[in-house]
2 protein chains.
Amino acid sequence: MPTYTPPTKDMQFVLHDVLKITEATIPGYADLEPDFTSAILEEAGKLTSDVLAPLNAVGDKEGCRLENGVVYTPTGFKAAFEQVKAGGWPGLDMPEQYGGQNMPAVIGSAVGEMFSAANQAFTMYQGLTHGAASAILAHGTDEQKDLFLPKMVSCEWTGTMNLTEPHCGTDLGLMRTKAVPKADGSYKITGQKIFISSGEHDMADNIIHLVLAKIEDGPEGIKGVSLFIVPKVNVNADGTLGARNGATVGSIEEKMGIHGNSTCVMNYDEATGYLLGEEHKGMRAMFTMMNEARLGVGMQGLAQAQVAYENAVIYANDRLQGRAVTGAQAPDKPADPLIVHPDIRRSLMDQKSFVEGARAFILWGATMIDAAHRSGDKDADGLVSLLTPVIKGFLTDVGYDMTVKAQQVYGGHGYIEEWGMSQFTRDARIAMIYEGANGVQALDLVGRKLAQDGGKHVMAFFELVKSFCKDNAGQDAAFDKDFIEPLKSASKDLQAAGMYFMQNGMTNPNHALAGSNDFLHMFGHVCLGLMWARMGKAANTALANGTSDATFYETKLATGRYYMARQLPATALHLTRIQSGADTVMALDAANF
Amino acid sequence: MPTYTPPTKDMQFVLHDVLKITEATIPGYADLEPDFTSAILEEAGKLTSDVLAPLNAVGDKEGCRLENGVVYTPTGFKAAFEQVKAGGWPGLDMPEQYGGQNMPAVIGSAVGEMFSAANQAFTMYQGLTHGAASAILAHGTDEQKDLFLPKMVSCEWTGTMNLTEPHCGTDLGLMRTKAVPKADGSYKITGQKIFISSGEHDMADNIIHLVLAKIEDGPEGIKGVSLFIVPKVNVNADGTLGARNGATVGSIEEKMGIHGNSTCVMNYDEATGYLLGEEHKGMRAMFTMMNEARLGVGMQGLAQAQVAYENAVIYANDRLQGRAVTGAQAPDKPADPLIVHPDIRRSLMDQKSFVEGARAFILWGATMIDAAHRSGDKDADGLVSLLTPVIKGFLTDVGYDMTVKAQQVYGGHGYIEEWGMSQFTRDARIAMIYEGANGVQALDLVGRKLAQDGGKHVMAFFELVKSFCKDNAGQDAAFDKDFIEPLKSASKDLQAAGMYFMQNGMTNPNHALAGSNDFLHMFGHVCLGLMWARMGKAANTALANGTSDATFYETKLATGRYYMARQLPATALHLTRIQSGADTVMALDAANF
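Counting restarts for each chain, with residues numbered from 1 along the sequence as it is written. Written order determines the labels here, with chains lettered from A and ligands numbered from 1. pLDDT decides what is reported in this predicted model: residues at 70 or higher carry local features, side-chain atom pairs at 80 or more are listed and counted, and totals for whole chains, interfaces and linings draw on all residues regardless. Hydrogen atoms and water are omitted, and side-chain values are computed over all heavy atoms in the structure.

K.L.:
Would you explain the overall build of chain A in this entry?
P.N.:
Helix and strand content of chain A: 19 helices and eleven strands. The C-alpha extent of chain A, read off along each of the three principal axes, is 80 × 60 × 55 Å. Here the term buried applies to any residue with accessible area under 20% of the maximum for its type, exposed to any over 50%, and partly exposed to those in between, with areas from a 1.4 Å probe on protein chains only. Per-residue burial for chain A yields a buried fraction of 64% across its 593 residues. Residue contacts follow a heavy-atom distance rule, with two residues in contact if any of their heavy atoms lie within 4.5 Å. For chain A, long-range pairs separated by at least 24 residues make up 74% of all intrachain contacts whose partners lie at least 6 apart in sequence. A total of about 20,700 Å² of accessible surface is found on chain A, and carbon and sulfur atoms cover 52% of it. Positive and negative charge centroids in chain A, built from 49 and 68 side chains respectively, lie 4 Å apart. Numbered from the N terminus, helices here are DSSP runs of H or I no shorter than four residues, and strands are runs of E no shorter than two. Method for areas: the Shrake-Rupley scheme with a 1.4 Å probe, in which residue coverage is limited to the protein chains shown. By the counting rule applied here, Lys and Arg register as positive and Asp and Glu as negative, while His and the ends of each chain are not counted. In plain terms, the charge of a residue is placed at NZ if it is Lys, CZ if Arg, CG if Asp and CD if Glu.

As structure tokens, then:
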């Protein structure tokens, strides 16, 4: 049975040594002293490793069960959800006005990684609620906020997002769910939605569905889509529960993974719904949820890779197999542990250098969200908007690959469900798909985000890399060689790709889109390269200042050197592919595939 | 529900246009006229697509069931197995003397791909039997052959391989299963084996287990391992069945995939066993099975990628989503099909160019096996021995990735079991693990095969690439640019990697082993590059000669150009990683991971 040990020490390193959060001028950050953040992380760590992680395999094995319209979650989920609520975790970064603790996103993200790593399927119940509450917070009327938010912030009620229909996912303009205005200002919602995570379950008294639908006689396509609040049980003006609404679960899906989360077909049969935000502006309101959700999904990629990596390390140290090629390392034992073998180490270093880089990337992104929300920093807002598809797409693609590598360390045992490594890959797989499949992320990055605000944000990103290199080069030859030079070279590749798109995408946009996946991946590598350079610098600083924990910082430097030498050079391959253009990609008639 | 359409036309192209099998001087090849091979392929295609493919999802859903020592296979498996036997398919490439049809391996491989693609779990029952029969054929006494082979060639009895024990897989020197000689020349076998595919089931009257065990008081470690024939039911000298032997199933494993195959814990309790081959030379005998099995597993990587790709193409043509960026392609429909989008095409071209290249690679490998076995060609034997870990490791690693890409084309539906795309990835996953995990393949390649016979075989491979380039360059500028130049460049990368190993591996073998995975992958790319260059040439020839099917050959050229432009350049990245050496890989103490 796998275990989970939250990487709190590494989180503290990123928060304090690298991002130096207490020195930032973002409201709320001054309070985030190391002792304070440590207390939060340790507390969350205890809950996730002791309570949620042991339920991960239970959820996978039992799955959810639909009986007479009621979905039963796996054994232990309900009690654990009560513990999570009692600890106030769902409202950690929500406004105090609605019962939250008003913590910055950077803390919410660190804690969120732990929840997802310990039990992704379980954590989705509160994750979806958080997203729905954020949308109501951003677009709801005061009445709507007062009516729904306190119960959602505490997770007494949970929330969902309803976008997909059987015939349309990405292309929501094809949507058929209808909204008919009623005399009292509410709407009758009718239609079917599929793939609704946490759509029905037994852990909350009410479920607040956010549903996209088309108001009768509105504009065609995506411009006629509006967002509605559709409670499972109607809510009276005084907040008490009324009659059951016409929102019911039709069935639950059998999926490859995240069995502990109920993925529902939802039927809306003249259900009462309340417009959230403006008429026909549903997509805008939905994107509030989507952007937050995309960052959260990127975090899932990291989280599954982290827990899978931890278990791979344990197995590689325990399992005896063969001898080190350079001579026995454990001569007293019948064989050496797996970890002596170079190819096992290669795999573990791939994993370690990814998860630590990804963690820094996610937390850096969270500081930008805080800067945007708390300080109104438009540049930070623009940059994190640019990076959102990279965080989602790159971290889930690579995070999945890393769970596969971790599983591989177990050999045959990795394929047996009892050992739990298969679940990490099966659970991680969904993150590449939901909240916009990764192909859509790449399209969003290349087709929209690159050119946003006249390309200002991507230029700012390059400037950031450039100034980091300039400020830190020439002081330490080893650092230059191991960190600065590889980062410069990768960033140059990324710029060359952007240049290729500019020069060729104008005449034929396929030249840009055929390279979108490669561009997303090379962008991800450059981001992780930047993170590793910053972490390397922080480690050097700590070592230079004298530290009682030199091993930690030296390990950090060694891991960074691995990433720079073995992973970051992938940018050159991506560039080659991009520069080969669209011709070979688009050459075939559809009939000839 | 997925479908399977056997790629018989593409197989015919490889057999006749590329490999020109009827022109080879290998015994049996002259008979392989296009009409003849077409008849076999069409017949096998019908059986696999109509009978086996529909049972694939059934097997996944139902799995195998153990009740009172009996394993029940999924609904329909038994009847299908009878059909397979009635058609004589299990003995297709086995000697006529034992009831087989004596077809060359190149035909067996083409048919084998279809069986694996249609239903991998089902096909393993006959696949393991084939391997066990081959080992008896190679190492058995005449009595053993006469007693066991006729029933195994027909699959009236099936076979298994018993290597792994709970505490040892790759490192079989740690084995504990004991063999105690009896007065009559047989042995009492006692011990536990795990991960035994097809170990127990209800489709055959007897199961012939080949079991590795240590004869009491023999040499320590791997040098004391012998191979034994242990029938489930004892076989009398006249071939009739006797009493039940002490070989019983302890339990069946719950696995990530291949649910239709029973993966058993086997208990041997003083079971009667007969020495196969020489005492303490069990590993040598087992390797007869293993090498064949490794090629078969490489084929599984191709097979799952093929069937997943086919279904991805169907979905990409059916599913309407968004509009082509260059203007609507299906203006009469509410949206364009997925296949108009460049990133979907990139994914499909990755898949198509891989499966077609891999098919040529496998069939080329099979011609070398035929040359070795039928013509005693030692060079062919040496080359296919070198390429075996590449076929196994590269085709299963990349084959798996391709099933993941195919699944991704389905978006959310790819994650729902009902659509069947998840099964392809879950089934394909095992091929990276069994018959020697891919890390072991890389070790075999770099640590053993490269230097075999003084490096003669790898030099022969480079020579082969070089002479192809020399013979075909300078006739057609487009062919030079699209095929010859990329192949030359990739081959140069591979040679540079070999050179790095030679120069640095002597002083520190970790410098070679830290790059073993990258070397295996770059070798695989060069092999597929060579295959594509040969296929490109064959297509050009067909077009120049005038063909009624120009579209087929033009599509082949376009697909080849894609591989050469977008996939083959990966060799440069692998070389960079290899040349970065072992230092970053080996830097950490085991405790610091």
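Next, the rest of the story.
K.L.:
Whenever I open this one, the packing of aromatic side chains confuses me. Can you help?
P.N.:
Centre-to-centre distance and the angle between the planes together describe a pair of aromatic rings. Each pair of aromatic rings taken from Phe, Tyr and Trp, with Trp reduced to its six-membered ring, is defined by centres within 6.5 Å and is described as stacked if the planes are under 30 degrees apart, edge-to-face if over 60, and tilted in the remaining cases. One pass over the structure, following the stated rule, counts 35 aromatic pairs over all chains. Here the aromatic rings of Phe479 of chain A and Phe483 of chain A are separated by 5.1 Å at their centres, their planes lie at 20 degrees, and the arrangement is stacked. Of this pair, Phe479 of chain A and Phe483 of chain A both sit in helix α14 (residues 477-505), four residues apart, which is roughly one turn of the helix. When the centroid spacing of 6.1 Å and the interplanar angle of 65 degrees are considered together, the rings of Phe461 of chain B and Phe462 of chain B count as edge-to-face. As far as the burial class goes, Phe461 of chain B and Phe462 of chain B line up, both buried. Positioned above the aromatic ring of Tyr400 of chain A is the side chain of Arg429 of chain A, whose terminal nitrogen or guanidinium carbon lies 5.6 Å from the ring centre. Look at NZ for Lys and CZ for Arg. If either is within 6 Å of the ring centre and within 35 degrees of the ring normal, a charge sits over the ring.

K.L.:
Would you mind showing me how to read the nonpolar core here?
P.N.:
In a soluble, globular protein the nonpolar side chains are often hidden away together inside. Nonpolar cores are built from buried Ala, Val, Leu, Ile, Met, Phe, Trp, Tyr and Cys residues. Side-chain atoms within 4.5 Å join them into one set. One finds Leu348, Phe361, Trp364, Phe461, Phe519 and Phe523 of chain A to be the most contacted residues of the largest nonpolar core, which totals 153 residues. If we skip the residues at most four places from it in the chain, Phe361 of chain A touches Leu387, Val390, Ile391, Leu395, Cys527, Leu528 and Met531 of chain A. Tyr4, Ala110, Phe523 and Phe552 of chain B belong to the second-largest nonpolar core, a separate cluster that totals 152 residues.

K.L.:
It is not clear to me how the state of the cysteines should be interpreted in this structure. Could you clarify?
P.N.:
Put plainly, a disulfide is one covalent bond tying together the sulfur atoms of two cysteines. The rule for a disulfide is simple: a pair of cysteine sulfur atoms within 2.5 Å. Counted according to the given criterion, the structure contains zero disulfides over all chains. With no disulfide partner, Cys469 of chain A has as its closest neighbouring cysteine sulfur the one in Cys527 of chain A, 13 Å distant.

K.L.:
Please clarify how the relation of the copies chain B and chain A should be interpreted in this entry.
P.N.:
Each of the two copies of the chain can be brought onto the other by a rotation about an axis and a shift along it. C-alpha atoms of residues with pLDDT of at least 70 in both copies form the basis for the least-squares superposition of the copies. Turning chain B through 180 degrees and shifting it by 0.0 Å along the axis lays it on chain A, with an RMSD of 0.0 Å. Expressed as a symmetry operation, the mapping of one chain copy onto the other fits a two-fold axis. For chain B, the minimum C-alpha distance to the rotation axis belongs to Leu573 of chain B and amounts to 3.2 Å. Mapped onto chain A, 100% of the interface residues of chain B are again interface residues, and the two copies thus contact each other with one and the same surface.

K.L.:
Whenever I open this one, the interface of chain B and chain A confuses me. Can you help?
P.N.:
Size of an interface, as often reported, equals the accessible area lost when the parts are brought together. Counting from both sides, the interface comprises 92 residues of chain B and, opposite them, 92 residues of chain A. As a working definition, buried area equals the accessible area (1.4 Å probe) given up by two parts on being put together, with both sides summed. Note on chain B versus chain A: buried area summed over both sides is about 7,600 Å², and carbon and sulfur give 60% of it. Among the residues of chain B in contact with chain A, Tyr415, Arg566 and Phe593 of chain B are the three that bury the most area, contributing 13% of the side total. Note on definitions: salt bridges are taken to be side-chain nitrogens of Lys or Arg within 4 Å of carboxyl oxygens of Asp or Glu. Counting the contacts that link chain B with chain A gives four salt bridges. For the salt bridge of Lys61 of chain B with Glu254 of chain A, the shortest nitrogen-to-oxygen distance reads 3.5 Å. The definition of a polar contact used here is a pair of N or O atoms within 3.5 Å, where within protein one atom must be able to donate a hydrogen and the other to accept one, and adjacent residues in sequence count solely through side-chain atom pairs. On inspection of chain B and its partner chain A, the count reaches 37 residue pairs in polar contact (both at pLDDT 80 or more).

K.L.:
Is there a simple way to think about the environment of Ala591 of chain B in this case?
P.N.:
Residue and element names in this part refer to chain B. Locating Ala591 in the fold gives a position in the segment after α19 (583-586). Taking the relative accessible area as the measure of exposure, Ala591 reaches 71% and is therefore exposed. C-alpha of Ala591 to C-alpha of Gly560: the two residues are 31 residues apart in sequence and 47 Å apart in space.

K.L.:
Would you explain the pattern of salt bridges in this entry?
P.N.:
Pairs can form between side chains of opposite charge whenever their charged atoms are close. Residues and elements named next belong to chain A. If you walk through the whole model with that rule in mind, you get 55 salt bridges over all chains. Between Lys9 and Asp549 there is a salt bridge whose closest N-O contact spans 2.5 Å. Taken together, the positions of Lys9 in helix α1 (residues 8-18) and Asp549 in the loop between α16 (516-544) and α17 (550-567) put the pair 540 residues apart, joining distant regions of the chain. By relative accessible area, Lys9 is classed as partly exposed at 46%.

K.L.:
Help me understand the domain arrangement of chain A in this model?
P.N.:
By domain assignment, chain A separates into domain 1 (8-137), domain 2 (157-280) and domain 3 (450-587). Here the C-alpha centre of domain 3 of chain A lies 41 Å away from the C-alpha centre of domain 2 of chain A. Here the bounds of each domain stem from an automatic or database domain assignment.

K.L.:
Just checking my understanding: could you explain the pairing of strand β4 (residues 178-181) of chain B for this structure?
P.N.:
Walk down a regular strand and you will see the side chains alternate between the two sheet faces. All names here are of chain B. Strand pairing is assigned whenever DSSP detects at least two bridges linking the two strands. Pairing between β4 and strand β5 (residues 187-197): four bridges, direction antiparallel. Within β5, the residue paired with Val180 across the bridge is Lys188. From the end of β4 to the start of β5, which pair antiparallel, there are five residues, and Gly185 there has a positive phi angle of about 95 degrees. Bridge count for β4 against strand β6 (residues 206-215) is two bridges, and the pairing is parallel. Across the sheet, Ala179 pairs through a bridge with Ile215, a residue of β6.

K.L.:
I tried to follow helix α3 (residues 54-62) of chain B on my own but got confused; where do I start?
P.N.:
Because each turn of an α-helix spans 3.6 residues, side chains separated by three or four positions in sequence point in the same direction. All names here are of chain B. Three or more residues of α3 are buried, namely Leu55, Asn56, Gly59 and Asp60. With its buried residues spanning 140 degrees around the axis, α3 presents them on a single face. Check the buried side of α3 and you find it contacts α2 (34-52), α4 (77-86), α5 (105-118), α6 (120-139) and α11 (421-431). Count one or two residues on from α3 and you reach Gly63, which has phi positive near 65 degrees. Directions drawn from the helix axis to the C-beta atoms are what define this arc.

K.L.:
I would appreciate a short explanation of helix α5 (residues 105-118) of chain A in the present structure.
P.N.:
With 14 residues, α5 of chain A should cover 20 Å at 1.5 Å per step; its first-to-last C-alpha distance of 20 Å lies within 8% of that length. With 14 of 14 residues buried, α5 of chain A lies mostly within the body of the structure. Multiplying one less than the number of residues by 1.5 Å gives the expected span of a helix.

K.L.:
Where do I start with the packing of helix α9 (residues 342-375) of chain A against helix α10 (residues 378-409) of chain A in this structure?
P.N.:
Packed helix pairs are characterised by how far apart their axes lie and by the angle those axes make with each other. Residue and element names in this part refer to chain A. Convention adopted: a line fitted to C-alpha atoms gives each axis, helices being fitted over their contacting stretch, and angles between N-to-C directions are expressed from 0 to 180 degrees. Close contact between α9 and α10 brings their axes to 9 Å; oriented N to C, the two are set at 155 degrees. With respect to each other, α9 and α10 are oriented roughly antiparallel. Where α9 crosses over α10, the two elements pack in a sense that is left-handed. A class-by-class count of the residues in the contact of α9 with α10 yields 21 nonpolar, four polar and four charged. Should an angle fall under 35 degrees it is called roughly parallel, over 145 degrees roughly antiparallel, and 65 to 115 degrees roughly perpendicular, with every other angle called oblique. The sense of a crossing depends on the near helix, which, turned anticlockwise from the far helix by less than a right angle, makes the crossing left-handed and, turned clockwise, makes it right-handed. Residues are sorted three ways: Asp, Glu, Lys and Arg are charged, Ala, Val, Leu, Ile, Met, Phe, Trp, Tyr, Cys and Pro are nonpolar, and all the rest, Gly among them, are polar.

K.L.:
Looking at this structure, I do not really get the side chain of Lys193 of chain B. What am I missing?
P.N.:
Residue and element names in this part refer to chain B. Assignment of secondary structure puts Lys193 in strand β5. A polar atom in the side chain of Lys193 sits 3.0 Å from the side chain of Glu165. With sequence-adjacent residues up to four places away left out, Lys193 is seen in contact with Asn162, Leu163, Thr164, Glu165, Met175, Thr177, Val211, Leu212, Cys264, Val265, Met266 and Tyr268.

K.L.:
Teacher, can you tell me more about the side chain of Thr129 of chain A here?
P.N.:
Residue and element names in this part refer to chain A. Structurally, Thr129 can be placed in helix α6 (residues 120-139). Side-chain polar atoms of Thr129 contact the backbone oxygen of Tyr125, separated by 2.6 Å. With residues near it in sequence (within four places) discarded, Thr129 still touches Met152, Cys155, Trp157, Thr158 and Gly159.

K.L.:
Help me out: how do you make sense of unusual backbone geometry in this one?
P.N.:
Most peptide bonds are trans, and most residues other than glycine sit at a negative phi. Residue and element names in this part refer to chain A. Look at Asn102: it is not a glycine, yet its phi comes out positive at around 60 degrees. Within the element layout of this structure, Asn102 appears in the loop between α4 (77-86) and α5. Judged by its relative accessible area of 36%, Asn102 is partly exposed. A positive phi angle is found at His280, which is not glycine, with a value near 65 degrees.

K.L.:
Please clarify how the confidence of the model for chain A should be interpreted in this entry.
P.N.:
Low-pLDDT portions of the prediction should not be read for the details of their coordinates. pLDDT expresses, on a scale from 0 to 100, how confident the predictor is about each individual residue. Of the residues in chain A, 100% reach a pLDDT of 70 or more, and the chain-wide mean stands at 97. Quick note on the complex model: pTM equals 0.98, ipTM equals 0.97.

K.L.:
I tried to follow the packing of helix α1 (residues 8-18) of chain B against helix α16 (residues 516-544) of chain B on my own but got confused; where do I start?
P.N.:
All names here are of chain B. At their nearest, the axes of α1 and α16 sit 10 Å apart, and the two run at 80 degrees to each other. By the angle between their directions, the pair α1 and α16 is classed as roughly perpendicular. Facing α1, whose interface residues are Phe13, Asp17 and Val18, α16 presents Arg534, Met535, Ala538, Ala539 and Ala542. Each residue belonging to the contact of α1 with α16 can be placed in one class, and the counts come to six nonpolar, no polar and two charged.

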